[in-house]
Amino acid sequence: MGKNSTIEWTDHTFNPWWGCAKVSPGCENCYAEAWAKRVGENVWGARQDRRFFTDKHWIEPLKWNADAESVKQRKRVFCASMADVFELRSDLDPWRERLWALAEETPWLDWLLLTKRPQNIVKKVPWTKSWPENIWLGTTVEDQMRADERLPILLQFPAKRRFLSCEPLLGPVDLSAWTSRRPNNLHPIDWVIAGGESGSNARAMLPGWARQLRDECQQSGIPFHFKQWGHWTPVSEPKREKSTVRKFWDDVMEMEIFMEAKGKKIAGRRLDGATWDELPAAT
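Note that the structure is predicted; figures quoted are calculated from it, not measured.

## Looking at the overall build of the protein
Next up, step 1: Scanning the protein for helices and strands turns up 8 helices and 12 strands.
Next up, step 2: Relative to the globule expectation of 19 Å for 283 residues, the C-alpha radius of gyration of the protein, 19 Å, shows essentially globular dimensions.
Next up, step 3: C-alpha atoms of the protein, sized along the principal axes, occupy 60 × 50 × 40 Å.
Next up, step 4: Here the protein holds 283 residues, and 53% of them are scored as buried.
Next up, step 5: For the protein, the proportion of contacts with a sequence separation of at least 24, taken over those separated by at least 6, is 78%.
Next up, step 6: The centroid of the 42 positive side-chain charges in the protein is displaced by 3 Å from the centroid of its 39 negative side-chain charges.

## Notes on the packing of aromatic side chains
Next up, step 1: All told, the structure shown has 17 aromatic pairs when counted by the stated rule.
Next up, step 2: Seen from their ring centres, tryptophan 18 and phenylalanine 53 are 6.3 Å apart, and the 75° between their planes marks the pair as edge-to-face. Of this pair, tryptophan 18 sits in the loop between strand S1 (12-13) and helix H1 (31-38) while phenylalanine 53 sits in the loop between H1 and helix H2 (55-58), and the two are 35 residues apart along the sequence.
Next up, step 3: The class of tryptophan 18 is buried, set by a relative accessible area of 8%.
Next up, step 4: Seen in terms of ring centroids, phenylalanine 86 and tryptophan 100 are 5.9 Å apart; in terms of plane orientation they differ by 25°. Their pairing is stacked.

## Brief notes about the pattern of salt bridges
Charged atoms that come close allow side chains of opposite charge to pair.
Next up, step 1: One pass over the structure, following the stated rule, counts 23 salt bridges.
Next up, step 2: Put simply, arginine 203 and glutamate 28 hold a salt bridge, and the shortest N to O gap is 3.4 Å. Taken together, the residues arginine 203 in the loop between strand S6 (191-195) and helix H7 (207-220) and glutamate 28 in the loop between S1 and H1 connect sequence positions 175 residues apart.
Next up, step 3: A salt bridge links arginine 269 to aspartate 277; the shortest N-O distance between them is 2.4 Å.
Next up, step 4: Residue classification places aspartate 277 among the partly exposed positions, given a relative accessible area of 40%.

## Points about the sheet that holds strand S8 (residues 232-235)
Next up, step 1: Read from one edge to the other, the open sheet built from 3 strands follows the order S8-S10-S9, with strand pairing classed as antiparallel. Edge positions in the open sheet fall to S8 and strand S9 (245-250), since each of these has one partner strand only. Recorded for the sheet is a direction-independent mean angle of 45° between the axes of neighbouring strands.
Next up, step 2: Relative to strand S10 (residues 255-261), S9 runs antiparallel, the two being bridged by 6 bridges. Across the sheet, residue valine 245 finds its bridge partner in S10, namely glutamate 260.
Next up, step 3: Where H7 meets the sheet, it contacts S8, S9 and S10, and its direction lies at approximately 45° from that of S9.

## Quick word on H7
Next up, step 1: With 14 residues, H7 should cover 20 Å at 1.5 Å per step; its first-to-last C-alpha distance of 20 Å lies within 8% of that length.
Next up, step 2: Turning to H7, its buried residues number three or more, namely Pro207, Gly208, Trp209, Ala210, Leu213, Arg214, Glu216 and Cys217.
Next up, step 3: Positive backbone phi, approximately 75°, marks glycine 221, located one or two places after H7.

## A closer look at the pairing of strand S7 (residues 224-228)
Next up, step 1: Summarising burial for S7: 5 of the 5 residues are buried, a large majority.
Next up, step 2: Relative to S7, S6 runs parallel, the two being bridged by 4 bridges. Paired with valine 192 across the strands is phenylalanine 224, a residue of S7.
Next up, step 3: On the question of chirality, the crossover connecting S6 to the parallel S7 by way of H7 is right-handed.

## Remarks on the environment of leucine 186
Next up, step 1: Position of leucine 186 among the secondary structure elements: in the loop between strand S5 (161-166) and S6.
Next up, step 2: It is 8.0 Å that separates the C-alpha atoms of leucine 186 and phenylalanine 157, two residues lying 29 residues apart in sequence.

## Some details on unusual backbone geometry
With glycine set apart, most residues show a phi of negative sign, and most peptide bonds adopt trans.
Next up, step 1: That bond from cysteine 79 to alanine 80 is cis: its omega, 10°, falls within 30 degrees of zero.
Next up, step 2: Here alanine 80 shows up in the loop between strand S2 (75-79) and helix H4 (93-105).
Next up, step 3: With an omega dihedral of 0°, the bond running from glutamate 167 to proline 168 counts as a cis peptide bond.
Next up, step 4: Its identity is not glycine, yet glutamate 254 carries a phi of approximately 55°, on the positive side.
Next up, step 5: One can find glutamate 254 in the loop between S9 and S10.
Next up, step 6: Judged by its relative accessible area of 60%, glutamate 254 is exposed.

The rules behind each value
- Residues numbered from 1 in each chain as written.
- Predicted model: local features only at pLDDT ≥ 70, side-chain atom pairs only at ≥ 80, totals over all residues.
- Heavy atoms only, no water.
- Helix = DSSP H or I, 4+ residues; strand = E, 2+ residues; numbered from the N terminus.
- Rg over C-alpha atoms; globule rule 2.2 N^0.38 Å.
- Buried < 20%, exposed > 50% of the residue type's maximum accessible area, 1.4 Å probe, protein only.
- Contact = heavy atoms within 4.5 Å.
- Lys, Arg positive; Asp, Glu negative; His and termini not counted.
- Charge placed at Lys NZ, Arg CZ, Asp CG, Glu CD.
- Phe/Tyr/Trp six-rings, centres within 6.5 Å; stacked < 30°, edge-to-face > 60°.
- Salt bridge = Lys/Arg side-chain N within 4 Å of Asp/Glu carboxyl O.
- Pairing = 2+ DSSP bridges.
- Axes fitted to C-alpha atoms, helices over the stretch in contact; angles between N-to-C directions.
- Expected span 1.5 Å × (residues − 1).
- Right-handed = clockwise from strand over helix to strand, strands pointing away.

Okay, here's the thing in structure tokens:
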């Protein structure tokens with residue numbers, strides 16, 4: 001966590017606090033919860049305390065901003081990998097206010113605010129019609145139900161960029177209602193990130209689901225970033241039975257496909273022989 005993040009689609013990661021509570025199927029195997037428990041932090045669940053940080057932590061983005069300004073190269077900051085900025089808790093309000101001020105003090109950093117709770121955005125941001133130029137607002141869309149629930153809310157906001165994290169992708173997602181048939185009162189989708197779930201309990205992301213998103217993004221001119229296959233990767237039909245190979249019905253491709261549990265490092269992040277690292281234009 002911090003400067004020079006290993007997450008492919010960001011430069012840095014900043015957490016205003018640690019801790020969250022599960023709200024949808026994408027949360028089932030939450031990597032952040034697992035990481036917090038691994039380091040001895042009991043911060044998950046609606047009744048648990050959150051972990052907060054000292055001033056030393058909060059001045060780091062000021063240094064990143066100075067570095068970015070010195071070379072005249074904008075940097076992206078994912079906020080927050082170990083929390084949800086829009087969790088509806090009053091004890092988080094002072095830290096949110098500090099975060100908004102920090103974002104405004106760091107104009108060379110594009111702040112990527114990703115949430116599974118877009119319905120809380122309007123209650124917790126200080127901006128209405130005029131948003132800072134360096135705020136990118138995103139929501140998690142792991143399946144069609146979450147797309148239908150969250151996108152009409154997200155796309156109301158006049159942030160500089162609006163993006164989707166379709167990770168873990170748990171089913172096919174059709175975005176045409178917000179691309180080719182987007183209502184006039186909603187802003188466009190500016191970026192789509194897609195990826196499968198990692199970890200030994202991961203659910204498989206089927207190839208047709210990823211291809212459908214990629215193809216729709218290409219047709220609509222939306223930058224597409226394929227982060228990873230995750231724990232499961234497509235394979236040819238095995239010549240003999242393997243314990244780690246499973247057969248699935250891909251409802252987008254309308255065919256049986258085979259997936260093998262290889263782990264995310266081996267599975268990689270190439271989709272149809274290509275690496276998809278597209279990004280929206282910086283502020």
